[in-house]
Amino acid sequence: MHSIASYLNNDIIYQINLRAFTNEGTLNAAAKLLPHIKDIGADIVYLCPCFVADSDTDKNGWSARQHKSGLENPQNPYRISDYFNVDPEYGTNDDLRAFVDAAHKIGLRVILDLVYFHCGPKAVFLYEHPEFILRDEFGDPLLGEWCFPRLNYESRELREYLIANMELFVRDYDIDGYRCDVGDSVPLDFWAEARERIDQLKPDLMMLNEGIKADYLDVFDLNYSWNLRAAFVNCVENGKSVQSFVENMTNFVNNHLQGSYHSINLLENHDSVNDDYENRLEKRIGFAAMNAGLVLQYTLPNVPFLYNGLEVADTNRHSIWGNRTHSANLVIDWQNALTNDGTARLKLVKTLSALRHTCEPIGMNGNLEFASTSSDNVLAYKRTLDGKSIAIIVNLSPDTINVKSEIEAYDISPLLINNSAISLSGCDGKFSAHLSAYGFAIAEII
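Residues numbered from 1 in each chain as written. Predicted model: local features only at pLDDT ≥ 70, side-chain atom pairs only at ≥ 80, totals over all residues. Heavy atoms only, no water.

**Q** Just checking my understanding: could you explain helix α13 (residues 340–358) for this structure?
**A** An α-helical turn contains 3.6 residues, so a residue and the one three or four places further along point in the same direction. Over its 19 residues, α13 runs 27 Å from end to end, which matches the ideal 27 Å to within 8%, given 1.5 Å per residue. Of all the residues in α13, the buried ones are G342, R345, L346, L348, V349, L352, S353, L355 and R356. Packing partners of the buried residues in α13 comprise α3 (34–39), α11 (281–285), α12 (287–299), β10 (303–307), β15 (412–425) and β16 (430–445). (Helix = DSSP H or I, 4+ residues; strand = E, 2+ residues; numbered from the N terminus. Expected span 1.5 Å × (residues − 1). Buried < 20%, exposed > 50% of the residue type's maximum accessible area, 1.4 Å probe, protein only. Contact = heavy atoms within 4.5 Å.)

Spelled out as structure tokens, the structure:
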């Protein structure tokens, strides 16, 4: 397994979907909000693709999702024409350099999104290098899952082209790493060679693989999975017991992460909000339940991942195809930050970020031990590192519950309590709580 960058133990990733992040949808507009990202406690900015998107209007080359969106926008950020230049929709190459510089000045790292499984049907390199994509016996492009031409990794020249692309943004833009779209579908030996090359330019780079293949962790720092979201939704939306959550987490770690916690914890991302349309997760489960999910994101192992706007309880529709010319203003409702829910969410995110940064047991290196409780709806676990233990208890139901866990605690110091009262149970010193709907408590065991 690749040894992950040490800073990832306590770091938090914040995803910027440029089309949804600001009304302007540009890099310069996004740069103005970098201090906000820093203020809520994020450390790494993950920027959705900002490279030149293919503008081919032939709808036969559009994905089913693109048709379903109803936005009639040919430009999908994940159907790229030119990997080396910023799309004018977002600004210029110099704007990207300025964005990275502004982030670095306030202590934020920046990672870019690489889309190397497929390309646009009119990608600029295809005129000189038709062999850069897979073709059938008649010379027609072989299409991937989303109806886009698949890149041909049998071509040594293609590999060099893409590695040069990765080297360029590290060398000339000082990028801090990459999130690799559909990374599992790109040959691992390509990623291994690319990583070796870019590490020579900047040894502390991070690489995030969109996938769950365990052997890819031999090259990548983290896998990018939906596991936490799926397990959480199964409990709060589908009524499954917390035992299903524990089994899901345990099986995922053992089968997909080489027994480690080298992944991310997400509740939303650009794909989920795109496919949820007007029915975002927060709309479906409610503000309080989403808060409980955030506690899980931050206090379970793996790296917390915040989709832009989650910190102000945004529920607007976002779309991969929505921008200032092809949407009904599908952007974050930043005014929500001034509402009761918005201010409460901001406070919670800042508090959880501060805990993640300062409380070592809840970071990547802390041991995780799930504990049984007297309720099928209450999740309890303990995080331990260097003799220091943190107890976490979360109600994943809309009911008020008095619950006793099997976490031993003869004295406790509360760190964060919401809609809860915590106590020790009798002479056996068990961590117990009175939890209102979706209430939670985090406490240090003394």
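**Q** Would you explain the packing of aromatic side chains in this entry?
**A** Each aromatic ring pair is summarised here by two numbers: the centre-to-centre distance and the angle between the ring planes. Under the counting rule described, the total for this entry stands at 19 aromatic pairs. Here F51 and F169 contribute two aromatic rings whose centre-to-centre distance is 5.1 Å and whose plane-to-plane angle is 55°, an arrangement assigned as tilted. Separated by 118 residues along the polypeptide, F51 in strand β3 (residues 51–53) and F169 in helix α6 (residues 156–173) bring together distant segments of the chain. Considered together, F51 and F169 belong to a single accessibility category, that of buried residues. (Phe/Tyr/Trp six-rings, centres within 6.5 Å; stacked < 30°, edge-to-face > 60°.)

**Q** Explain the nonpolar core to me, please; I cannot follow it from the model alone.
**A** Note on soluble globular proteins: their nonpolar side chains tend to be buried together. Residues Y178 and W191 are the most contacted members of the largest nonpolar core, which totals 127 residues. No other element matches the eight residues that α6 contributes to this core. The residues contacting Y178, other than those within four sequence positions of it, are I111, L112, L114, N165, M166, F169, V170, I198, M206, M207 and L208. V378, A409, I422 and A443 belong to the second-largest nonpolar core, a separate cluster that totals 17 residues. (Core = buried A, V, L, I, M, F, W, Y, C linked by side-chain atoms within 4.5 Å.)

**Q** Explain unusual backbone geometry to me, please; I cannot follow it from the model alone.
**A** Trans peptide bonds make up the majority, and among non-glycine residues the majority have a negative phi. One non-glycine residue, V182, adopts positive backbone phi at about 45°. Topologically, V182 is positioned in the loop between β6 (177–180) and α7 (188–199). Residues other than glycine seldom take positive phi values, yet Y438 does so here, at roughly 55°.

**Q** Just checking my understanding: could you explain the environment of Q335 for this structure?
**A** Tracing the backbone shows Q335 in the loop between β10 and α13. You can call Q335 exposed: its relative accessible area is 65%.

**Q** I keep staring at the packing of helix α5 (residues 93–105) against α6 and nothing clicks. Help me out?
**A** Any two packed helices are characterised by how steeply their axes cross, that is the angle between the axes, and by the distance between the axes. One way to put it is that α5 packs onto α6 with a least axis distance of 10 Å and a crossing angle of 60°. Of the possible angle classes, the one that applies to α5 and α6 is oblique. On α6, the residues that touch N93, L96, R97 and V100 of α5 are F169, D172 and Y173. By residue class, the composition of the contact of α5 with α6 is four nonpolar, one polar and two charged. (Axes fitted to C-alpha atoms, helices over the stretch in contact; angles between N-to-C directions. Parallel < 35°, antiparallel > 145°, perpendicular 65-115°, else oblique. Nonpolar A, V, L, I, M, F, W, Y, C, P; charged D, E, K, R; others polar.)

**Q** Whenever I open this one, the environment of N227 confuses me. Can you help?
**A** Examined against the element boundaries, N227 turns out to sit in helix α8 (residues 227–236). Linking N227 and T57, residues 170 residues apart in sequence, is a C-alpha distance of 35 Å. Dropping the residues within four chain positions of it, N227 is found in contact with N248, M249 and F252.

**Q** Please explain the sheet that holds strand β5 (residues 109–114) as it appears in this structure.
**A** In sheet architecture, strand pairing relies on hydrogen bonds along the backbone and comes in two forms, parallel and antiparallel. Within the open sheet, the eight strands sit side by side as β8-β7-β6-β5-β2-β1-β10-β9. Their pairing is parallel. Edge positions in the open sheet fall to β8 (222–223) and β9 (264–266), since each of these has one partner strand only. Bridge count between strand β7 (residues 206–209) and β8: two bridges; the pairing is parallel. Residue pairing across strands places N209 opposite N223, the latter belonging to β8. Along the sheet, α12 makes contact with β9 and β10, crossing β10 at roughly 140°. (Pairing = 2+ DSSP bridges.)

**Q** Got a minute to help me understand the side chain of D181 in this structure?
**A** Following the sequence through the fold, D181 ends up in the loop between β6 and α7. Contact partners of D181, with chain neighbours within four places excluded, come to Y78, D113, L114, V115, H118 and E210.

**Q** Sorry, what's going on with the pairing of strand β1 (residues 13–16) here?
**A** Residues I13 and Q15 point to one face of β1 and Y14 and I16 to the other, with burial holding for every one of them. Pairing geometry for β1 and β10, over three bridges, is parallel. Among the inter-strand pairings, Q15 is bridged to a residue of β10, identified as Y307. In this sheet, strand β2 (residues 44–47) lies alongside β1 in parallel orientation, the contact comprising four bridges. Across the sheet, the residue bridging to Y14 is V45, located in β2.

**Q** Even after reading the chapter, I still don't get the pattern of salt bridges, so can you show me in this structure?
**A** A side chain of one charge can pair with a side chain of the opposite charge if their charged atoms are brought near each other. Going through the model one piece at a time under the given rule, you end up with 32 salt bridges. Put simply, R65 and D275 hold a salt bridge, and the shortest N to O gap is 3.1 Å. Within this pair, whereas R65 is found in helix α4 (residues 64–69), its partner D275 is found in helix α10 (residues 270–276), the two being separated by 210 residues in sequence. Given the relative accessible area of 23%, R65 is considered partly exposed. Residues E282 and R345 are paired through a salt bridge, measuring 2.9 Å at the closest nitrogen-oxygen approach. Here the residue E282 occupies a position in helix α11, and R345 occupies one in helix α13, the gap between them amounting to 63 residues. Side by side, E282 and R345 carry an identical accessibility label, which is buried. Among the ionic contacts, a cluster of salt bridges with common partners joins R156, E160, E167, E193 and R197. (Salt bridge = Lys/Arg side-chain N within 4 Å of Asp/Glu carboxyl O.)

**Q** Can you help me understand the pairing of β7 in this one?
**A** Each regular strand shows side chains that alternate between the opposite faces of the sheet. Going residue by residue along β7, you find M206 and L208 tucked away on one face and M207 and N209 tucked away on the opposite face as well. Handedness of the crossover joining β6 and β7 through α7 is recorded here as right-handed. (Right-handed = clockwise from strand over helix to strand, strands pointing away.)

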